[in-house]
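Architecture and fold: a report
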Amino acid sequence: MIKFAITAELEIKQDQMGAFLQRLARHAASCIETEEGCLRFDVLLPKDADNRVMLYEVYETEAAFDTHRLTPHFLAFRKDVEDMVISRNISEFTLDDL
């Protein structure tokens, strides 16, 4: 079954990294616990940068991801971290169970 995946590369203000990661941990847990279509939500910290974060998220379908972006916990997360994020780059993928 083909699934939908994204990566999100975020650059965070240096002095906000701790607060951002704490808030992100709560958000990731909410996604996994409450969204039926969210299959995976990984937080990756690059070894070569102390103010970057990469997210790897897998959803059953693209529609499940679209629903994710409308959930109250997603909207609250975006509002809470808007002043912490310098930049974000999102890429979309299909993921096939080979």
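Notes on the structure follow. (Residues numbered from 1 in each chain as written. Predicted model: local features only at pLDDT ≥ 70, side-chain atom pairs only at ≥ 80, totals over all residues. Heavy atoms only, no water.)

**Regarding the overall build of the protein chain**
Each helix and strand in the protein chain was counted, giving three helices and four strands. Walking the protein chain from its N terminus toward its C terminus, one meets helices and strands in the order β-α-β-β-α-α-β. Scaling as 2.2 N^0.38, a compact globule of 98 residues should have a C-alpha radius of gyration of about 13 Å, and the protein chain matches this with 13 Å. Evaluated residue by residue, the protein chain yields a buried proportion of 37% over its 98 residues. Here the analysis covers contacts within the protein chain between residues at least 6 apart in sequence; of these, 71% occur between residues at least 24 apart. Counting every atom, the protein chain has about 6,200 Å² of accessible surface; 52% of that belongs to carbon and sulfur. For the protein chain, the distance from the average position of its 11 positive side-chain charges to the average position of its 19 negative side-chain charges is 4 Å. (Helix = DSSP H or I, 4+ residues; strand = E, 2+ residues; numbered from the N terminus. Rg over C-alpha atoms; globule rule 2.2 N^0.38 Å. Buried < 20%, exposed > 50% of the residue type's maximum accessible area, 1.4 Å probe, protein only. Contact = heavy atoms within 4.5 Å. Areas by Shrake-Rupley, 256 points an atom, 1.4 Å probe, with all protein chains shown as cover. Lys, Arg positive; Asp, Glu negative; His and termini not counted. Charge placed at Lys NZ, Arg CZ, Asp CG, Glu CD.)

**Focus: the side chain of His-73**
Structurally, His-73 can be placed in helix H3 (residues 72–81). For His-73, a relative accessible area of 19% corresponds to the buried category. When neighbours within four sequence positions are excluded, His-73 is seen to be in contact with Arg-23, His-27, Ser-30, Cys-31, Thr-34 and Glu-35.

**Brief notes about the packing of helix H1 (residues 17–34) against H3**
Relative orientation of the contacting elements H1 and H3 amounts to 170°, with a least axis distance of 10 Å. The angle between the axes of H1 and H3 places the two elements in the roughly antiparallel class. Only His-73, Phe-74, Ala-76, Phe-77, Asp-80 and Val-81 of H3 make contact with H1, whose side of the interface consists of Phe-20, Arg-23, Leu-24, His-27, Ser-30, Cys-31 and Thr-34. The class makeup of the residues in the contact of H1 with H3 is seven nonpolar, four polar and two charged. (Axes fitted to C-alpha atoms, helices over the stretch in contact; angles between N-to-C directions. Parallel < 35°, antiparallel > 145°, perpendicular 65-115°, else oblique. Nonpolar A, V, L, I, M, F, W, Y, C, P; charged D, E, K, R; others polar.)

**Brief notes about the packing of aromatic side chains**
For the coordinates displayed, the defined rule picks out three aromatic pairs. Ring plane angle 40° and centroid distance 5.4 Å describe the contact between Phe-4 and Phe-65, whose orientation is recorded as tilted. Of this pair, Phe-4 sits in strand S1 (residues 2–12) while Phe-65 sits in helix H2 (residues 62–68), placing them 61 residues apart in sequence. On the basis of relative accessible area, Phe-4 is assigned to the buried category, the value being 6%. For Phe-65, a relative accessible area of 5% gives the class buried. One aromatic cluster is present, built from ring pairs that chain together Phe-4, Tyr-59 and Phe-65. (Phe/Tyr/Trp six-rings, centres within 6.5 Å; stacked < 30°, edge-to-face > 60°.)

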